[in-house]
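Listed below, chain by chain, are the residues.
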Amino acid sequence: MTPAPFAARLAVPSGPLFFPVTAFGPDGSLDLDAFRAHVRHGVEAGAAAVFACCGTGEFHALTPEEFEDCVRAAVEVTGGRVPVVAGVGYGTALAVRYARLAHAAGADGLLALPPYLVVAGQEGLLRHYREVTAATPLPVIVYQRDNAVFTPATVVGLARTEGIVGLKDGLGDLDLMQRVISAVRTEVPGDFLYFNGLPTAEQTQLAYRALGVPLYSSAVFCFAPEIALAFHRALHTGDDTTVRRLLDGFYRPFVELRARGRGYAVALVKAGVRLRGLDVGEVRPPLHEPGEDHVKQLAQVIERGLALLDEDSAGDR
Ligand SMILES: O=C([O-])C(=O)C[C@H](O)[C@@H](O)C(=O)[O-]
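It should be emphasised that the depicted structure is a prediction, and the values quoted were computed from it without experimental measurement.

Some words on the packing of aromatic side chains
Point 1. Across all of its chains, the model carries 16 aromatic pairs by this definition.
Point 2. Relative to Tyr98, the ring of Phe67 has its centre 4.9 Å away and its plane inclined at 85 degrees; by these criteria the two rings are edge-to-face. Of the two residues, Phe67 is situated in helix H3 (residues 64-78) and Tyr98 in helix H4 (residues 92-104); the sequence distance between them amounts to 31 residues. Both residues of the pair, Phe67 and Tyr98, belong to the buried class.
Point 3. Where Tyr90 meets Tyr116, the ring centres are 6.4 Å apart and the plane angle is 70 degrees; that geometry is what we call edge-to-face. Of the two residues, Tyr90 is situated in the loop between strand E3 (84-88) and H4 and Tyr116 in the loop between strand E4 (109-112) and helix H5 (122-134); the sequence distance between them amounts to 26 residues.
Point 4. Assessed through its relative accessible area of 19%, Tyr90 is described here as buried.
Point 5. Taken together, the ring pairs connect Tyr216, Phe223, Phe231, Phe250, Tyr251 and Phe254 into an aromatic cluster.
Point 6. In this structure, Lys168 is placed above the aromatic ring of Tyr143, and the distance from its NZ or CZ to the ring centre is 3.7 Å.
Point 7. In this structure, Arg284 packs its charged tip against the face of Phe24, placed 3.9 Å from the ring centre.

Spelled out as structure tokens, the structure:
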């Protein structure tokens, strides 16, 4: 059976979008076995797509060889059950190189991270993403955040580019997002995918959904797939009581803890995966490990989140 085109497979996701961490051994080298186990667990738990080597996957800390090995491992483990999207980034030449490596490794699509370091104008940004997209036949999702923030006109330009299928927003400016969605809807025929890509996107997903953005990334899915799945299900079935219970009892404390340290967006997620029993190692510099006290608090937050699910099923009985 020919798999449905990439955008159609993502448009109505059957579960959370999974951004796995990348596993490292005690000496800091890549641990592909642990990475495979992490990806396998996520796909079997119900991920709708695997976004390998993105922000949560420490793209910035991987050599091109490690990147290719990880993407290939994710593709093998996933076995076509759900799409594998690989992060690509840095300046145009390197981003093109990563895109080709991802293509060679069998990825189904690319997430284009912001270009490295410079703050560029709209014209240069558009050219950058067009060149990266032209490098392979893979569909590309452009990730808006930090130094890559687009005007509605630029997103119209991106959406008109053959191969660019969507925009993932990590900025959180709802007024801008509304204008972007309106401009693309008015000026570009066909579907364009939008993703809420803010850290712990569940926290803001009610607002994004109201704008017409049904898709969101989930870092929580890495270490508490039960909670991420319950939230996803509740959101999609209109179970507002569960949505609110998880937001109040789990997501808010997690978001607040995640804001306590620089780099916790990744380091705390990795600590969560270890707490749940899979040794994916530590983050690589320049990130650093969370303090012991914060890891303890994370364990409590996870425990409380899991207990909320028990309350939920007890209520069903
Ligand atoms: O590049 C990345 O890893 C992401 O943007 C996805 C994350 O899951 C993000 O939603 C987060 O950190 O919560």
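Digging into the packing of helix H10 (residues 225-237) against helix H11 (residues 240-258)
Axes are the key here: two packed helices are described by the angle between their axes and the distance separating the axes.
Point 1. At a minimum axis distance of 9 Å, the contact between H10 and H11 shows a crossing angle of 145 degrees. Crossing handedness for the pair H10 and H11: left-handed. Across from Ile227, Ala228, Ala230, Phe231, Ala234 and Leu235 in H10, the residues of H11 making contact are Thr242, Val243, Leu246, Leu247, Phe250 and Tyr251.
Point 2. For the contact of H10 with H11, the per-class residue count stands at eleven nonpolar, one polar and no charged.

Here we look at the sheet that holds E4
Point 1. Within the closed barrel, the eight strands sit side by side as E1-E2-E3-E4-E5-E6-E7-E8. Their pairing is parallel.
Point 2. Where E4 lies against strand E5 (residues 140-144), three bridges are found, and the strand directions are parallel. Among the inter-strand pairings, Leu110 is bridged to a residue of E5, identified as Val140.
Point 3. Set on the sheet, H4 makes contact with E3 and E4; between it and E3 the angle comes to about 160 degrees.

Considering the site of the ligand
Point 1. Taken together, 13 residues lie near the ligand, and Thr56, Tyr143, Lys168, Thr200 and Ser217 sit nearest.
Point 2. Take Ala219: an N or O atom from its main chain is 3.3 Å from an oxygen atom of the ligand.
Point 3. Here the ligand loses 95% of its free accessible area of 340 Å² to cover by the protein chains.
Point 4. Along the lines of polarity and charge, the residues of the shell around the ligand split into six nonpolar, five polar and two charged.

Reading the values: the criteria
- Residues numbered from 1 in each chain as written.
- Predicted model: local features only at pLDDT ≥ 70, side-chain atom pairs only at ≥ 80, totals over all residues.
- Heavy atoms only, no water.
- Phe/Tyr/Trp six-rings, centres within 6.5 Å; stacked < 30°, edge-to-face > 60°.
- Helix = DSSP H or I, 4+ residues; strand = E, 2+ residues; numbered from the N terminus.
- Buried < 20%, exposed > 50% of the residue type's maximum accessible area, 1.4 Å probe, protein only.
- Lys NZ or Arg CZ within 6 Å of the ring centre and 35° of its normal.
- Axes fitted to C-alpha atoms, helices over the stretch in contact; angles between N-to-C directions.
- Left-handed = near helix turned anticlockwise from the far one by under 90°.
- Contact = heavy atoms within 4.5 Å.
- Nonpolar A, V, L, I, M, F, W, Y, C, P; charged D, E, K, R; others polar.
- Pairing = 2+ DSSP bridges.
- Near = heavy atom within 4 Å.
- Polar contact = N/O pair within 3.5 Å; in protein donor to acceptor, adjacent residues only side chain to side chain.
- Areas by Shrake-Rupley, 256 points an atom, 1.4 Å probe, with all protein chains shown as cover.

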